Amino acid sequence: MPASPSTARAINDRLALRLLQQDGPLTATQLKTLTGLSRPTVADLVERLRGAGLIQVVGESGAVRRGPNAKLYGIVADRAHLAALDVRLGSVSVVVTDLLGTTLAEDSLPIGSDTGTEPAVERAAALLERTARAAGSVPLHSVGIGAPGLIDPATGELRDSSGLPAWHRGLVRELQRRLPATVLVENETNLAAVAEHREGAAHDRETFVLLWLGQGIGAAVMLDGKLRQGASGGAGEIGFLPVPGVSGLPSAVNCEGGFHSLAGSGALCELAAAHGLVDRGAVSEGQEEAAAVDAVRAALEAGEAGEPFLKEVADRLALGSAAVVSVLDPGCVLLAGAVGHAGGAALAARVEERLATMSPLRTEVRAGSLGDGAVLRGALLTARDAAQDALFAPEG
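An unreviewed UniProt entry lists the chain under the name Transcriptional regulator, with Streptomyces globisporus as the source organism. According to the UniProt record, the Sequence similarities (unreviewed entry) comment for the chain reads "Belongs to the ROK (NagC/XylR) family."

The following block contains the structure:
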């Protein structure tokens with residue numbers, strides 16, 4: 001059945017708003033060209049969106065003679081604010097932006113492992129509130145949170161996971177309780193994949209797997225442009241993948257003995273120490289990721305002397321990648337996180353070469369381009385999508 005006039009207007013309005021979000025500011029003539037709508041239809045939707053407070057005149061186009069057709073229309077960016085949080089094992093980072101993604105305020109805070117659950121929750125929540133106030137008086141509409149662990153696909157809540165701080169779950173519940181905003185939480189690796197897909201190294205790929213190489217190790221699965229979390233929210237928990245070269249097997253509550261023990265930052269520190277790149281005794285608990293990053297960079301700078309270490313790292317990453325590739329055949333594997341970003345194209349090329357000898361399925365290996373900030377960016381994109389779904393839906 002053909003759409004009703006009111007439905008057609010809502011569809012046209014949302015299309016125009018998406019274009020203004022992505023490509024704006026735009027003139028009415030440019031909107032006509034991009035939407036394929038008639039000039040009268042575009043004129044009507046512009047007036048409708050202006051009346052709803054969603055768009056405004058922001059200037060004039062120098063390419064068009066002065067007059068109505070020269071007016072540039074843009075999103076009313078300060079209609080609402082957005083926030084994103086990157087919640088790590090020992091820290092939390094916050095950014096607050098307008099609807100166009102312009103950063104208005106940002107901050108971060110370390111939270112030690114000896115901090116109690118309630119104090120940790122209060123400190124993290126207070127950090128968000130302070131940052132939101134610093135951004136201005138406009139209220140938060142949507143908050144996106146990236147955290148390690150499993151997200152229940154039925155409830156959207158962070159599940160209680162062994163080995164993760166209790167304050168993570170407590171923070172999500174507290175923000176949902178005390179904020180009038182929509183609060184959304186997603187696995188950190190999945191959010192990194194969203195960001196790399198929309199704005200990073202996988203922007204031209206609808207299907208790929210992202211390997212997050214940080215303090216821990218994880219994967220995100222993007223198939224046909226959609227993030228796939230799995231039946232229980234655990235798709236990509238590659239740290240639990242049984243692999244040769246480690247002692248024992250992982251258990252339901254501990255990934256020691258899995259791929260984590262081969263390619264996590266702690267394992268890479270041990271490998272770097274064996275190659276004389278790191279003094280393992282000088283690396284304190286919680287600093288393994290930074291040490292692994294330094295080791296990879298040092299090996300790359302060392303030229304031939306660093307090649308044995310890089311080859312072993314590539315061999316390990318190719319082993320886990322081969323298991324994923326054999327099941328999903330994604331065509332592309334993205335090395336992300338702090339370690340993947342440090343290795344860059346040079347490490348990605350080594351992994352791709354090694355993977356080609358282990359799998360008959362042709363797979364390109366790339367380095368992520370957004371670095372350690374991919375999680376925060378993905379959380380912000382999630383918050384922005386939620387805000388747009390709610391705000392960019394003017395009634396016909």
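There is more to say, and it comes next.
Student: I keep staring at the sheet that holds strand β12 (residues 364-367) and nothing clicks. Help me out?
Tutor: Pairing between sheet strands relies on hydrogen bonds along the backbone, with the strands arranged either parallel or antiparallel. Spatially, five strands are ordered β10-β9-β8-β11-β12 in an open sheet, and the strand pairing comes out mixed. Edge positions in the sheet fall to β10 (226-227) and β12, since each of these pairs with one other strand and no more. Bridge analysis of strand β8 (residues 208-213) against strand β11 (residues 332-336) gives four bridges, and the strand direction is parallel. In the strand pairing of β11, Leu 210 is matched with Leu 334. Where helix α11 (residues 337-358) meets the sheet, it contacts β8, β11 and β12, and its direction lies at approximately 160 degrees from that of β12.

Student: What should I look at first to understand the sheet that holds strand β3 (residues 81-87) in this one?
Tutor: On the basis of which strands lie adjacent, the open sheet formed by five strands has the order β5-β4-β3-β6-β7 and mixed pairing. If you trace the sheet from one side to the other, it starts and ends with β5 (103-110) and β7 (182-187), each paired once. Strand-to-strand twist of the sheet, defined as the mean angle between neighbouring strand axes without regard to direction, takes the value 15 degrees. Two elements, β3 and strand β6 (residues 140-147), share six bridges in a ladder whose sense is parallel.

Procedures and definitions
Residue numbers restart at each chain and count upward from 1, following the sequence in its written direction. With pLDDT at 70 or above as the cut-off, local features in this predicted model cover only qualifying residues; side-chain atom pairs require 80 or more to be listed or tallied, and sums for whole chains, interfaces and linings still use all residues. Hydrogens and water molecules were not included; the side-chain quantities draw on all heavy atoms of the structure. UniProt positions are given in the numbering used here, feature names are shortened, and annotations may be inferred rather than shown by experiment. Each pair of strands is called paired provided DSSP finds at least two bridges between the two strands. In this text, helices come from DSSP runs of H or I with a minimum length of four residues, and strands from runs of E with a minimum of two, each type numbered from the N-terminal end. Any two residues having at least one pair of non-hydrogen atoms within 4.5 Å are treated as being in contact. Lines are fitted to the C-alpha atoms to define the axes, a helix being fitted only along its stretch in contact, and any angle between axes, read from their N-to-C directions, falls within 0 to 180 degrees.

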